[in-house]
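Coordinate inspection notes
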Amino acid sequence: QVELVQSGGGFVHPGGSLTLSCTASGRTLDHFAVGWFRQAPGKEREGVSEREGVSCIQMHLNTTAYVDSAKGRFTVSRDNARTTVYLQMNSLKPEDTAVYYCGAEVFGGCETVPEDYYSRMNYWGKGTLVTVSS
């Protein structure tokens, strides 16, 4: 079992920055791919299929991928211990407002972030709200 503990998030004005983190409790994520997802506020009850993939990182190879809306603004990275994944978000826009989740896929890869990327996740964090507003 893998417990993913998320932190970060909060309120920021348009153009601002936030960093989210996702830490595996008590173990490494060395054989995983970790994805970042977001879900519109108020739609959490609609389930994981409403979670839009944003980016991913393959923890062993350190390869990354992003959806077009995140390219150039978001950066996913991991720590050297391979226990924590970060999502640095810059130039935030109101449309980035969402609950952000991290997910982990056992022996997963990270070449692209397909629309159904959520279906590959074996474990999820509990989510953290990011609000971008003036």
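Up top is the structure.
Notes on the structure in this doc start here. (Residues numbered from 1 in each chain as written. Predicted model: local features only at pLDDT ≥ 70, side-chain atom pairs only at ≥ 80, totals over all residues. Heavy atoms only, no water.)

Quick notes on the environment of Ser 25
For clarity, the threshold we go by: Only runs of H or I of at least four residues qualify as helices and only runs of E of at least two qualify as strands under DSSP, and these elements are numbered from the N terminus. A contact between two residues is defined here by any heavy atoms of the two lying within 4.5 Å.
With respect to the helices, strands and loops of the structure, Ser 25 is situated in the loop between strand E3 (18-24) and strand E4 (32-39). Along the sequence, Ser 25 and Glu 95 sit 70 residues apart, while their C-alpha atoms lie 31 Å from each other. Non-local contacts of Ser 25, meaning those with residues more than four positions away in its chain, are made with Glu 3 and Val 5.

Concerning the pattern of salt bridges
As a reminder of what qualifies: The salt bridge criterion pairs a side-chain nitrogen of Lys or Arg with a carboxyl oxygen of Asp or Glu, the two atoms within 4 Å. In this scheme, a residue with accessible area under 20% of its type's maximum is buried, one over 50% is exposed, and one in between is partly exposed, where area comes from a 1.4 Å probe on protein chains only.
Counted according to the given criterion, the structure contains 6 salt bridges. The salt bridge involving Asp 30 is made with Arg 82; its shortest N-O contact spans 2.5 Å. One end of the pair, Asp 30, is in the loop between E3 and E4; the other, Arg 82, is in the loop between strand E7 (74-78) and strand E8 (84-89), and 52 residues separate them in sequence. For Asp 96, the salt bridge identified is with Arg 73, shortest N-O distance 2.7 Å. Here Asp 96 is found in the loop between E8 and strand E9 (98-106), whereas its partner Arg 73 is found in the loop between strand E6 (63-66) and E7, with 23 residues between them in sequence. Exposure class is identical for Asp 96 and Arg 73. Each is buried. A single network of salt bridges, built from pairs that share partners, joins Arg 38, Glu 52, Arg 73 and Asp 96.

A look at the sheet that holds E3
Basically, it comes down to this: One requirement defines pairing of two strands: DSSP has to find at least two bridges between them. Interaxial angles span 0 to 180 degrees and are taken between N-to-C directions of axes, which are lines fitted to C-alpha atoms, for helices over the stretch in contact.
Pairing is antiparallel in the open sheet, where 4 strands are placed in the order E1-E3-E8-E7. The outermost strands of the open sheet, each flanked by one partner alone, are strand E1 (4-7) and E7. Direction aside, the axes of adjacent strands within the sheet are offset by 15° on average. Of the strand pairs in this sheet, E3 and E8 are connected by 6 bridges, and their pairing is antiparallel. When the sheet's bridge partners are listed, Thr 23 is paired in E8 with Thr 84.

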